[in-house]
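Observations on the model geometry
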Amino acid sequence: MKQEIQEVADLVSANTIFTTKEVLTSDETARYLGISKSCLYKWTMERRIPHYKSPTGKLCYFNRKEVEAWAQESRVATNEELDSKADAYCRKGGRR
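All figures in this text were calculated on a predicted structure; none of them were measured in a lab. (Residues numbered from 1 in each chain as written. Predicted model: local features only at pLDDT ≥ 70, side-chain atom pairs only at ≥ 80, totals over all residues. Heavy atoms only, no water.)

1. Thoughts on the pattern of salt bridges
Counted according to the given criterion, the structure contains six salt bridges. Residue Glu68 is joined to Arg64 by a salt bridge in which the shortest nitrogen-to-oxygen separation is 3.1 Å. In this pair, Glu68 and Arg64 both sit in helix α4 (residues 64-71), four residues apart, roughly one turn of the helix. For the salt bridge of Arg75 with Glu81, the shortest nitrogen-to-oxygen distance reads 3.0 Å. A single salt-bridge network, built from bridges that share partners, covers Glu22, Arg64 and Glu68. (Salt bridge = Lys/Arg side-chain N within 4 Å of Asp/Glu carboxyl O. Helix = DSSP H or I, 4+ residues; strand = E, 2+ residues; numbered from the N terminus.)

Below, the structure written as structure tokens:
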């Protein structure tokens, strides 16, 4: 029972962090995105994800709103949206 209560408390605190905290650590960002820390580290090294370095250059920080916007950049269109675009394209005779 104590373990279950602790798990619920951890989930509540994690959700609170993700909705109120503006600057996230690497650990928090990886959990927020549901990826491993090594994946996040790779993305920062490749400059694929927006991030900030500490003055010493040893720590990475992430702006929660920037991470949210970045995560939503690669939206995949639904089949209905693609069908609608295809229909509109064909009605124009293949011209843009």
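Let us keep going from here.
2. Some remarks on helix α3 (residues 37-45)
All of the buried residues along α3 are Leu40, Trp43 and Thr44. The buried side chains of α3 occupy one side of the element, clustering within an arc of 100° when seen end-on. Facing away from the buried side of α3 by more than 90 degrees, the exposed set consists of Ser38 and Tyr41. Here the buried face of α3 lies against α2 (26-33), β3 (60-63) and α4. Once α3 ends, the next one or two residues include Arg47, with phi positive near 60°. (Buried < 20%, exposed > 50% of the residue type's maximum accessible area, 1.4 Å probe, protein only. Arc of directions from axis to C-beta. Contact = heavy atoms within 4.5 Å.)

3. Some details on the packing of α2 against α3
Two elements in contact, α2 and α3, have axes whose closest approach is 9 Å; the angle formed by their N-to-C orientations is 105°. Accordingly, the angle class assigned to the pair α2 and α3 is roughly perpendicular. Contact residues: α2 offers Ser26, Asp27, Thr29, Ala30 and Leu33, while α3 offers Lys37, Leu40 and Trp43. Residue classes in the contact of α2 with α3 are distributed as four nonpolar, two polar and two charged. (Axes fitted to C-alpha atoms, helices over the stretch in contact; angles between N-to-C directions. Parallel < 35°, antiparallel > 145°, perpendicular 65-115°, else oblique. Nonpolar A, V, L, I, M, F, W, Y, C, P; charged D, E, K, R; others polar.)

4. Concerning the packing of α2 against α4
For the pair α2 and α4, interaxial distance at closest approach is 12 Å and the crossing angle is 35°. Once α2 is placed against α4, the crossing between them reads as right-handed. Between α2, through Thr29, Tyr32 and Leu33, and α4, the contact on the second element is made entirely by Val67, Glu68, Trp70 and Ala71. Among the residues forming the contact of α2 with α4, the class breakdown is five nonpolar, one polar and one charged. (Left-handed = near helix turned anticlockwise from the far one by under 90°.)

5. Some remarks on a nonpolar patch on the surface
Taken together, the side chains of Val23, Tyr52, Leu59 and Tyr61 present a nonpolar region at the surface, about 360 Å² in accessible area. Residue position: Tyr52 is located in strand β2 (residues 52-53). Overall, the relative accessible area of 42% leaves Tyr52 in the partly exposed class. (Patch = residues over 30% accessible without salt bridge, like charges linked within 9 Å, V, L, I, M, F, W, Y side chains within 5 Å. Areas by Shrake-Rupley, 256 points an atom, 1.4 Å probe, with all protein chains shown as cover.)

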